[in-house]
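Chain by chain, the residues run as shown.
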2 protein chains.
Amino acid sequence: MGVAHFSASGSVSSDIMYSSTLLSKSSIKASLVFSLTNQVFQTHLPKSTNKTFHSSQPLLLKSGKVRAMETQEGVSSLDFHGIDQKLVDKMIYDALVWSSLHGLVVGDKSVQRSGKVPGVGMVHAPFALLPMPFPETHWKQACEVAPIFNELVDRVSLEAKFLQDSLSRTKKADAFTSRLLDIHSKMLEINKKEEIRLGLHRSDYMLDEQTKFLLQIEMNTISSSFAGLSSLVSDLHRSLLDNYGKLLNLDSKRVPGNTSVSQFANVLAKAWTEYNNPRSAVMVVVQADERNMYDQHWLSSVLKERHNITSIRKTLAEIDAEGELQADGSLIVDGQAISVIYFRAGYAPTDYPSESEWSARLLMEQSSAVKCPSISYHLVGTKKIQQELAKPNVLERFLDNKEDIAKLRKCFAGLWSLDDSDIVNKAIERPELFVMKPQREGGGNNIYGNDVREALKALQKEGTEEDAAYILMQRIFPSVFSTFLLRDGICHKDDAISELGIYGAYLRNKEKVIINEQCGYLMRTKISSSDEGGVAAGFAVLDSLYLT
Amino acid sequence: MGVAHFSASGSVSSDIMYSSTLLSKSSIKASLVFSLTNQVFQTHLPKSTNKTFHSSQPLLLKSGKVRAMETQEGVSSLDFHGIDQKLVDKMIYDALVWSSLHGLVVGDKSVQRSGKVPGVGMVHAPFALLPMPFPETHWKQACEVAPIFNELVDRVSLEAKFLQDSLSRTKKADAFTSRLLDIHSKMLEINKKEEIRLGLHRSDYMLDEQTKFLLQIEMNTISSSFAGLSSLVSDLHRSLLDNYGKLLNLDSKRVPGNTSVSQFANVLAKAWTEYNNPRSAVMVVVQADERNMYDQHWLSSVLKERHNITSIRKTLAEIDAEGELQADGSLIVDGQAISVIYFRAGYAPTDYPSESEWSARLLMEQSSAVKCPSISYHLVGTKKIQQELAKPNVLERFLDNKEDIAKLRKCFAGLWSLDDSDIVNKAIERPELFVMKPQREGGGNNIYGNDVREALKALQKEGTEEDAAYILMQRIFPSVFSTFLLRDGICHKDDAISELGIYGAYLRNKEKVIINEQCGYLMRTKISSSDEGGVAAGFAVLDSLYLT
């Protein structure tokens, strides 16, 4: 699930989906989850005919409004039900002030220039007022697998044939993946070596309520966003609990420290050092209009202040116009030597409106600059590869340690390609148990509910290769909590679900692994009453977690 | 000159004007200045018929625009004339980013809610791209006199009869001053004691170019604004010079550190401690609509984070509705005990739209809470008292140390009341040498140029007491520098003049002076091509200083 859930959409990252089938020995857990679905899902199926209001009335606040919103039945928890409204108002006000003073901001989409000019049209980033409860064991589990996933991405990226073969059917159905594969092929042809390999990933999870399994939603290997702002949300929640925790019986120490921005900056600095050109800069590849720019600016700011490394921001079109390769393979853009290329654009088809952008991508890939990510890292992040890796015995091709393999597999949700007719029929019968995911990136493209049935039937009728543009994924039903979501200065009380992202960084120079670590986290919370409600309504918020 | 020069107007403070006359022995310096005026002013008289453009063309920036603007002839310095435009663009971009990440923000007046709801409709505070050159000797002079002015305010505030007598004519002509005096009288009647006396002042100066005299414009004893944001501007300039100083041949260490916000918070905390009620809060008296709220929030934030002291924000109307005096004289507002009242409203007639607000002011004055300022401190800050204090032998009534007296007097510009017919005639003859200042607060009310002549003639004709609502002040002509002013993401290159504000804090409990110190500074820079151009166009910016 991409960050396009957020009004500050920013960067939506690619997926790796590690699929498992019902029949696989190696996915006993996943099939177990699936066999339990009748029970799990019945509790949570939306009953649109029977909605209730949890809060009795909207309340005018000094700082905005608490709006009572419609919620589903069957909600398991209402943690903040009993909080005194006056206390909530105070916390809302303090939180909005805190955001403004500490740079927890995004560009306001109602202000035209806010995606281009920094310092104008700013609004607080959408956030949850209080951190989301999350079991400490699952938190530790997610942290523990981060370095293993980092390693897996690197190993898979080295297997060019696996990538090309796995994506061969997708290539025919999805033009974007096809162009990425073309660049990948060209690099193979010229025998391009990537000695310094840099990954800044984010693996996203949901905690299935009934089974208590932590299941991976996707692995982002390009443009993993919100490392800058998520650190701030954790700080905000700690600050609020420092001031109000006693009244709420909450302890700020249960919000894990979140050093994602400093760790990411540190890794970028290390990559810069490995490249070893003191006059070089880090280039951030950006969209022309970017309302999540402050998330990116935080990273550049820390990079400058703590490591004295300059970063420049360029769109793909600018790189095409201003970039050139030197004879030694080094990249110069606008007269500036570039040692590290950090992509915060280039992950979605819309980022390539003309051949210029593809030309820029190719130019960068051909250069000796460290790419975060390289084309092969990018491809490892596709949904199809996620699904391939989840097949029986595939992980074993890339990883040696059996314990590591077991740990990863434990996180895999059910993932299937559409050439599995049993699963397709099952999904037509019970579409509410599945999510249909297109290769197309950008968030908001997933298919849910009855639309799954209609889409699958249409594909069956067509009988084309078009089905290769999709995968099916087991639908996960996380716990629902009553929470306060703040957007545009207005507080909404509603039932919500959360998705945990764990950042990971990997840096290798030839055979030497320099960094392989977990790097903080991102919690995102969205209203639970719609499938991709967060996307449609732009209503998901940044959050942190409260360990239970 | 009030902060209403700024689009983020915030709080405009009262004046103390220390006047001197041409005939006074004790104002040799001031008369010297005045006798030089022909020479001084001729250099700088606006030649509206002969304007030129300094920059040849407007330049589109990634982050906005550099606009060539009309400038006067006779500009003494063009420090930034030779800077490479690309470098300027980079600095502008970095500065805008820095402001956003570090809370150097105000409410955008084009967004309706931005003065009420924090976190929405934010825009960077207007600022100068680079610090203003300023002689180190004059900087030291301004810092040195701060504690003396603090002491003077306290001493004068104790002389109730002096205040009432000096303002007796003003009382008849100015309704606002009259209401303040009424409260003052009531406190005298009930023999109200103010044992803990707290002043957070700002003394504003301009450096007269020709004479090199640092002359006081006014002394603000209520609602001295920008202590929060001005610290940040100094940090911003230091950061820019750390990164670009070598290219500009500027050293960041020449920008004096500015700890105004932490010092003000520290003094408020000390006052809270003296009051000695651990359950009490600091109450910030605010306007209902306040786009300069973040300047105030910074102070409250530091007060909470470093001193663990809670502050609440209330309008005068809210205080009237929710406030009550206890039998022991203590103040409770909305159920909260208040130990320190910090006024960021209440300085202008518009802050009292009904009797409610006056009732609230009286209630607070009657309470035992520490008032910043008390009614007597507030009165000391009127222009009339400034003018009275500048008369011969008046300072001697309040201060003992002759050196201290000489230091203050050295800062006094020429100040006259309108019952001095010689001066009035002189001002009618040469209005360009004077500024006519009404008691009315709020900035933007000063009278310049030919309007001075017209206003004085009209007052002569009327022959009423109306003239007591004004004073005349020598017009000061500071050096003009070419500078870059940023507002709303757009950079304007223009000739500008600066005004230096020095913060001072004074805290006394009975006979014990707990704090008497200088507390950082505020530099404000505005386009020089109009008298109160900054006010009319809203175009003055926050700045810092570069010691030369």
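Not measured: the values here are computed from a predicted model. (Residues numbered from 1 in each chain as written. Chains lettered and ligands numbered in written order. Predicted model: local features only at pLDDT ≥ 70, side-chain atom pairs only at ≥ 80, totals over all residues. Heavy atoms only, no water.)

## Some words on the overall build of chain A
Step number 1: When you go through chain A residue by residue, the secondary structure sums to 19 helices and 24 strands.
Step number 2: Here chain A holds 548 residues, and the buried ones make up 65% of them.
Step number 3: Within chain A, contacts between residues at least 6 apart in sequence are counted, and of these 77% link residues at least 24 apart.
Step number 4: By element, 48% of the accessible surface of chain A is carried by carbon and sulfur atoms, the whole surface being about 19,800 Å². (Helix = DSSP H or I, 4+ residues; strand = E, 2+ residues; numbered from the N terminus. Buried < 20%, exposed > 50% of the residue type's maximum accessible area, 1.4 Å probe, protein only. Contact = heavy atoms within 4.5 Å. Areas by Shrake-Rupley, 256 points an atom, 1.4 Å probe, with all protein chains shown as cover.)

## As for the packing of helix α8 (residues 227-248) of chain A against helix α9 (residues 260-275) of chain A
Residues and elements named next belong to chain A.
Step number 1: The N-to-C vectors of α8 and α9 enclose an angle of 150°; their axes lie 7 Å apart at closest approach. Along its contact with α8, which presents A227, G228, S230 and S231, the element α9 presents S260, V261 and F264.
Step number 2: Broken down by class, the residue content of the contact of α8 with α9 amounts to 3 nonpolar, 4 polar and no charged. (Axes fitted to C-alpha atoms, helices over the stretch in contact; angles between N-to-C directions. Nonpolar A, V, L, I, M, F, W, Y, C, P; charged D, E, K, R; others polar.)

## Brief notes about the relation of the copies chain B and chain A
Step number 1: Least-squares fitting of chain B to chain A yields an RMSD of 0.0 Å, with the transformation described by 0.0 Å of translation along the axis and a rotation of 180°. In symmetry terms, the pair is related by a two-fold rotation axis. Ranked by how close their C-alpha atoms come to the rotation axis, the residues of chain B are headed by M122 of chain B, at 2.4 Å. (Least-squares fit on C-alpha atoms with pLDDT ≥ 70 in both.)

## As for the pattern of salt bridges
Residue and element names in this part refer to chain B.
Step number 1: In the structure shown here, the tally under the stated rule is 56 salt bridges over all chains.
Step number 2: For D154, the salt bridge goes to R197, with nearest N and O atoms at 2.8 Å. Here R197 lies in strand β9 (residues 196-207) and D154 lies in helix α4 (residues 136-158), a separation of 43 residues in the sequence. Both residues of the pair, D154 and R197, belong to the buried class.
Step number 3: Among the salt bridges present, the one from D419 reaches R169, with a minimum N-O distance of 3.7 Å. One end of the pair, D419, is in the loop between β17 (415-417) and α17 (421-429); the other, R169, is in helix α6 (residues 168-173), and 250 residues separate them in sequence.
Step number 4: For R169, a relative accessible area of 29% translates into the label partly exposed. (Salt bridge = Lys/Arg side-chain N within 4 Å of Asp/Glu carboxyl O.)

## Thoughts on the interface of chain B and chain A
Step number 1: Each partner contributes residues to the interface: chain B has 35 residues there, and chain A has 35 residues.
Step number 2: For the pairing of chain B and chain A, the buried interface totals around 2,900 Å² over both sides, and the portion due to carbon and sulfur atoms is 55%.
Step number 3: Counting every contact that joins chain B to chain A gives 4 salt bridges.
Step number 4: Residues D488 of chain B and R113 of chain A are paired through a salt bridge, measuring 3.2 Å at the closest nitrogen-oxygen approach.
Step number 5: Where chain B packs against chain A, one counts 13 residue pairs in polar contact (both at pLDDT 80 or more). (Buried area = accessible area lost by both parts, 1.4 Å probe. Polar contact = N/O pair within 3.5 Å; in protein donor to acceptor, adjacent residues only side chain to side chain.)

## Points about the sheet that holds β17 of chain B
Backbone-to-backbone hydrogen bonds join strands into a sheet, with any given pair of strands oriented parallel or antiparallel.
All names here are of chain B.
Step number 1: Reading across from one edge, β17-β19-β18 is the order of the 3 strands in this open sheet, with antiparallel pairing throughout. Looking at strand neighbours, the two that pair on one side only are β17 and β18 (434-438), the edges of this open sheet. Across the sheet, the mean angle separating the axes of adjacent strands is 30° when strand polarity is ignored.
Step number 2: Where β17 lies against strand β19 (residues 470-474), 3 bridges are found, and the strand directions are antiparallel. Residue W416 lies in a different strand from β19, and its bridge partner there is L472.
Step number 3: Across the sheet, helix α18 (residues 450-462) is in contact with β18 and β19; its angle to β18 comes to roughly 55°. (Pairing = 2+ DSSP bridges.)

## A few points about helix α17 (residues 421-429) of chain A
Residues and elements named next belong to chain A.
Step number 1: Those residues of α17 lying buried are I423, V424, A427 and I428. For α17, the arc enclosing every buried residue in end-on projection is 140°, short of the 170-degree limit, so these residues lie on one face. Exposed residues pointing more than 90 degrees away from the buried face of α17 are listed as D422 and E429.
Step number 2: Elements that come into contact with the buried residues of α17 comprise β17 (415-417), β18 (434-438), α18 (450-462) and β19 (470-474). (Arc of directions from axis to C-beta.)

## Some points on the sheet that holds β19 of chain A
Residue and element names in this part refer to chain A.
Step number 1: One open sheet accounts for 3 strands, arranged β17-β19-β18; its pairing is antiparallel. The sheet terminates laterally at β17 and β18, the two strands that pair on one side only. Adjacent strand axes in the sheet meet at a mean angle of 30° when their direction is disregarded.
Step number 2: Together, β18 and β19 form the strand contacts of α18, whose direction differs from that of β18 by roughly 55°.

## Overview of the packing of aromatic side chains
Residues and elements named next belong to chain A.
Step number 1: Considering all chains together, one arrives at 14 aromatic pairs over all chains under this definition.
Step number 2: Relative to W358, the ring of F176 lies with its centre 5.8 Å away and its plane at 50°, an arrangement referred to as tilted. Of this pair, F176 sits in helix α7 (residues 175-189) while W358 sits in helix α12 (residues 355-366), and the two are 182 residues apart along the sequence. As far as the burial class goes, F176 and W358 line up, both buried.
Step number 3: Pairwise contacts between aromatic rings join F176, Y352 and W358 into one cluster.
Step number 4: Of note, R361 hangs over the ring of F343, and the distance from its end group to the ring centre comes to 4.7 Å. (Phe/Tyr/Trp six-rings, centres within 6.5 Å; stacked < 30°, edge-to-face > 60°. Lys NZ or Arg CZ within 6 Å of the ring centre and 35° of its normal.)

## A look at the confidence of the model for chain A
All names here are of chain A.
Step number 1: Per-residue confidence for chain A averages 84 on the pLDDT scale, and 82% of its residues sit at or above 70.
Step number 2: Low pLDDT, under 50, characterises residues 1-78; the predicted model gives this stretch 257 contacts beyond four residues in sequence or across chains.
Step number 3: Taken together, the stretch residues 532-537 has pLDDT below 50 and engages in 17 contacts with residues farther than four places along the chain or on a different chain. (pLDDT = per-residue confidence, 0-100.)

## As for the pairing of strand β9 (residues 196-207) of chain A
Residue and element names in this part refer to chain A.
Step number 1: Here β9 lies mainly inside the structure; 12 of its 12 residues are buried.
Step number 2: Burial along β9 is two-sided: I196, L198, L200, R202, D204 and M206 and R197, G199, H201, S203, Y205 and L207, pointing in opposite directions, are all buried.
Step number 3: Summarising the sheet, β9 and strand β21 (residues 490-509) pair through 10 bridges and their orientation is antiparallel. Among the inter-strand pairings, R202 is bridged to a residue of β21, identified as Y503.
Step number 4: In this sheet, strand β10 (residues 214-220) lies alongside β9 in antiparallel orientation, the contact comprising 6 bridges.

## Some words on the side chain of S339 of chain B
Residue and element names in this part refer to chain B.
Step number 1: Structurally, the position occupied by S339 is in strand β15 (residues 336-343).
Step number 2: A relative accessible area of 0% means that S339 is categorised as buried.
Step number 3: A polar atom in the side chain of S339 sits 2.8 Å from the side chain of S280.
Step number 4: Ignoring sequence-local partners within four residues, the contact set of S339 consists of W272, Y275, S280, A281, A369 and V370.

## Focus on the side chain of H102 of chain B
Step number 1: Along the chain, H102 of chain B falls in helix α3 (residues 85-102).
Step number 2: Within the structure, the side chain of H102 of chain B is placed 2.8 Å from the backbone oxygen of W98 of chain B, a separation counted as a polar contact.
Step number 3: Other than its neighbours up to four places away in sequence, H102 of chain B contacts L101 and E305 of chain A together with L232 and W298 of chain B.

## Some words on α7 of chain A
Residue and element names in this part refer to chain A.
Step number 1: Between its first and last C-alpha, α7 extends 21 Å over 15 residues, near the 21 Å set by a 1.5 Å rise per residue.
Step number 2: Buried within α7 are the following residues: F176, T177, S178, L180, L181, I183, H184 and M187.
Step number 3: Considering only its buried residues, α7 is in contact with α5 (160-166), α6 (168-173), α12 and α13 (375-380).
Step number 4: N191 lies just past α7 and shows a positive phi near 55°. (Expected span 1.5 Å × (residues − 1).)

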